[in-house]
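Letter by letter, the chains look like this.
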Amino acid sequence: MAQQGIQMDQEKLSCSICLDVLKDPVTIPCGHSYCMNCIKDCWDGEDQKETHSCPQCSQTFRPRPDLKKNTILTDLLEELKKTGLQSAPADLCYAGPGDVSCDFCTGRKLKAVKSCLQCLVSYCDQHLQPHYQSPAFEKHKLIDPSKKIQESICSRHNDVMRIFCRTDQQCICYLCSLDEHRGHDTVSAAAERNDKQRVVGLNQEMIQQRIQDVEKDMRMLQQEVEAINQSADKAVTNMEEIFKGLIHLMAKRATDVKQQIRSKQTDEVGKVTELQETLKQVLVELRRRSSEMEQLSQTEDHIQFLHNYPFLSYLIESTNPPNITNVHRLQYFDDVTVAVSKTRDKLQDILKGDWTKTSPRPENVSGLRTRSKKRKKASRLRTGTRNVTDVKRLEVLSPAEPKTRAEFLQYSRHLTLDPNTAHQQLILSDRNRKATVTRQIQSYADHPDRFMEQLQVLSRESLTGRCYWEVEQRAATVAVTYKDMSRTGPESEFGYNDRSWALENSFFFIHNSNKTLISGLRSSKIGVYLDHGAGILSFYRVSDTMTLIHRVQTTFTQPLYAGLGVDGFDRFVELCELK
C-alpha cells in the first residue's frame, strides 16, 4: 500500500517536459511546476517572441517570469527519496508525443518496448514479461514498437498476413491463399523480404555511389563558381584599364584617321563614277543587241529569218548585265565594336600598325575598271565586272592579313568532321577528315543536326578568332556556316541562305542565294582564312604561292563551322593535314 502511495506521488511529482521526477523544481505563475533546466530551455527557444507560455495550460506571460526554486517541493522530494522514490528507469518511461504506448497500461501509459505480430498489441516492459515467461507465447514474433501494426492484419479475414502473393504483388493471410489467391505464386513474407532486402541493398549501394558523384559534382561546380567570379572580377579590372588606354589612343589618332577617310572618299567616289561610265557602255551595247533581235523577230521573209537565225547565238552571248546587287556604301568603322572586345595587346598592335593601308584590295573597283576596258568579247565583260561585289571597307582597324603560306599556317586549326551532321550517303574516313559520296545509305543514327537532302557535312569544332585550314577537293563546295542553318529544304544548301558563305567548285561564290562568278584557274587545294572578330573570310588557291580567290568583309554574330559539300557519286572532299 505504501508502495502505491509512493508511485502515486511519483506521478504527481514528475516534470511534464522530461517526464521524470522533478529536479530543482520551480513553479510558474499559473501554478504548474517544472524542472528548472527544462522550463528554462523551453523558454529560451521562445525568446524571439514577446510572450512566453506554460507547456501544459498554454497560459501566456509578459514579460518572461523570473524562475525561483520552489523550496517546499524541494524538501518534499528530498523526504520522498529517503522512502524509495527514484527517477523513472528507462524501461518505465511514460509515453510521450511520437512514442508507441503500451496497449495494456491503464491511466497514464508507459512507453512500449515491443510489439507482437501474433497478438497485434504493443507492450511496455512490465506487460511484456508473460511473453518471456509463458511457453504459450513462445512462437509469438516480437518486433520493435510500431504504430502500424494493424496494417499487418487482413481486413477481410482479420488474420495476420504472413504470406506474400508474387502474382498480385501484395501481402495476404493464410485464408486469402486458399480463397481468391488460390493457385498464385506465393511465398512467406519473410522469404520475400529476404529477396527484396538484397535488392534494397544493391539500390542503396547505387544511391550511395550517386550521392558521392553528386557531391563531387557539387564541389566541382563550387570551384567553377569561384573561378567564374575571379575571372569576372579580373576581366572588369582589365577592361577598365583597356578602355582608358583605348580612349587616349583613339583621341590621339582621330584627326589622322579623319583626314585619311576624306582623302579616300574622293578617290573611291571617282572610281565608282568611272564604273558608272562602264555600265553605261554596257547598257548601250545591250540596247543595240536588243534592237537587232527585234528586227530579226519582225522579219516577214521566212528564208531571211532562218538565214540570220544562226547569228542569234552571238546576240545573246554573254549579254547578262553585271551583278551589282551586293554593291553598298563604304562602311569604314563597322568593325570597331568587334575589335574593342579583343585583348588590349592585340588591339594596340593593330592601331600601331601601318595606318596608311587604306586602299581597297586588288580585287575591287580598280581591278574592275582595268579589265572592263579590255572586253574584246562580251564574256570578258561579265567576268571582269564580277568584282563589283568585292568593294571593301577601309581596313583602318583590321589586323594585317597573312600573305605567305607560312604566315597562314600560324593560325592553322586541326578540324574533324562531325558524323552527326553528315548526309546518309557520305562515308567519313581518315579519322573523320574525308567525306566520300556513296550510293549506299549509311546507318547513321537519327540526329537533328544531320543534313537530310544535301550531300554536306560540318566540322565538329567551332571557329572563332583567327583560323586557317585547307581542303583537298574535286567538284566540291567549301563553306563556313552558323550551326543553326536549315537542314532541310532549299535553304539547307551552303550559300543559299543568310547563314552560310560558300565557294562552289572554285567557280562561284554564293551567299544568301547571290551567286558571283570567279575568274581564274581551278585549284584542287583551297585555303580558307577566317578572322572572326574582324569579319574577314578569304578563299585562296594553294600552290607555291597563295592566290586570293575571293574575300568577304562582314560582321559575324555567332561562332562558325567549316562546311564541306560533295557533288557526284564516288567523289570526295578532304580536310588537309597542315604541317
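Our structure's up above, just so we're on the same page.
Report follows, based on the coordinates. As the structure is a computational prediction, the values presented were derived from the model and not from experiment. (Residues numbered from 1 in each chain as written. Predicted model: local features only at pLDDT ≥ 70, side-chain atom pairs only at ≥ 80, totals over all residues. Heavy atoms only, no water.)

### Quick look at the nonpolar core
The cut-off we apply is this: In this text, buried Ala, Val, Leu, Ile, Met, Phe, Trp, Tyr and Cys residues form a nonpolar core when linked through side-chain atoms within 4.5 Å. Only protein chains enter the calculation, and the probe is 1.4 Å; a residue is then buried if its accessible area is under 20% of its type maximum, exposed if over 50%, and partly exposed in between. The contact criterion used is simple: two residues touch if any of their non-hydrogen atoms lie within 4.5 Å.
Formed by 34 residues in total, the largest nonpolar core has its most connected members in Leu-463, Trp-469, Trp-501, Leu-537, Phe-539 and Leu-560. Those residues within four positions of Leu-560 in sequence are excluded, and the remaining contacts are Glu-461, Ser-462, Leu-463, Val-480, Thr-481, Tyr-482, Trp-501, Leu-530 and His-532.

### A short note on the sheet that holds strand E22 (residues 560–566)
Strands belonging to one sheet form pairs held by backbone hydrogen bonds; the direction of such a pair is parallel or antiparallel. Convention followed: A pair of strands is labelled paired if DSSP reports no fewer than 2 bridges between them. Strands here mean DSSP runs of E at least two residues long; helices mean DSSP runs of H or I at least four residues long; both are numbered from the N terminus. Angles here are taken between N-to-C directions and fall from 0 to 180 degrees, while the axes themselves are lines fitted to C-alpha atoms, restricted in helices to the stretch in contact.
Strand order in the open sheet made by the six strands is E13-E22-E15-E16-E17-E18, with antiparallel pairing throughout. Strands at the two margins of the open sheet, each flanked by one partner only, are strand E13 (456–463) and strand E18 (514–517). Each strand of the sheet is rotated relative to its neighbour by a mean of 20°, with strand direction disregarded. Looking at chain direction, strand E15 (residues 476–482) and strand E16 (residues 500–504) are connected through five bridges and run antiparallel. Paired with Val-478 across the two strands is Leu-503, which belongs to E16.

### A few points about the sheet that holds strand E8 (residues 163–165)
With respect to topology, three strands assemble into an open sheet ordered E9-E8-E10, the strand pairing being antiparallel. Each of the sheet's edge strands pairs with one partner strand only, and the pair in question is strand E9 (170–172) and strand E10 (186–188). Across the sheet, the mean angle separating the axes of adjacent strands is 35° when strand polarity is ignored. As defined by bridge partners, E8 adjoins E10 across three bridges and the pair is classed as antiparallel. Counterpart to Phe-164 in the pairing with E10 is Val-187.

### A look at the side chain of Glu-472
Its place among the elements puts Glu-472 in strand E14 (residues 466–473). With a relative accessible area of 18%, Glu-472 lands in the buried category.

### Some words on the layout of surface pockets
Rules: The rule is simple: put a 1 Å grid over the protein atoms alone, call a set of points where a 1.4 Å probe fits but cannot get out a cavity, call an open set with protein on both sides within 12 Å along at least five of seven lines a pocket, and count a residue as lining if it has an atom within 4 Å of a point. Grid points are joined across faces, edges and corners, and a volume is the space filled by probe spheres set on the points. Polar here means any residue other than Ala, Val, Leu, Ile, Met, Phe, Trp, Tyr, Cys and Pro, which are nonpolar, and Asp, Glu, Lys and Arg, which are charged; Gly is therefore polar.
Of the volumes computed, that of the largest pocket is approximately 620 Å³. Along the walls of the largest pocket sit 19 residues, with Leu-117, Met-161, Ala-189, Ala-190 and Arg-193 positioned nearest its centre. The greatest single-element share of the lining of the largest pocket, amounting to five residues, is contributed by helix H6 (residues 189–297). For the lining of the largest pocket, a count of residues per class yields eight nonpolar, three polar and eight charged.

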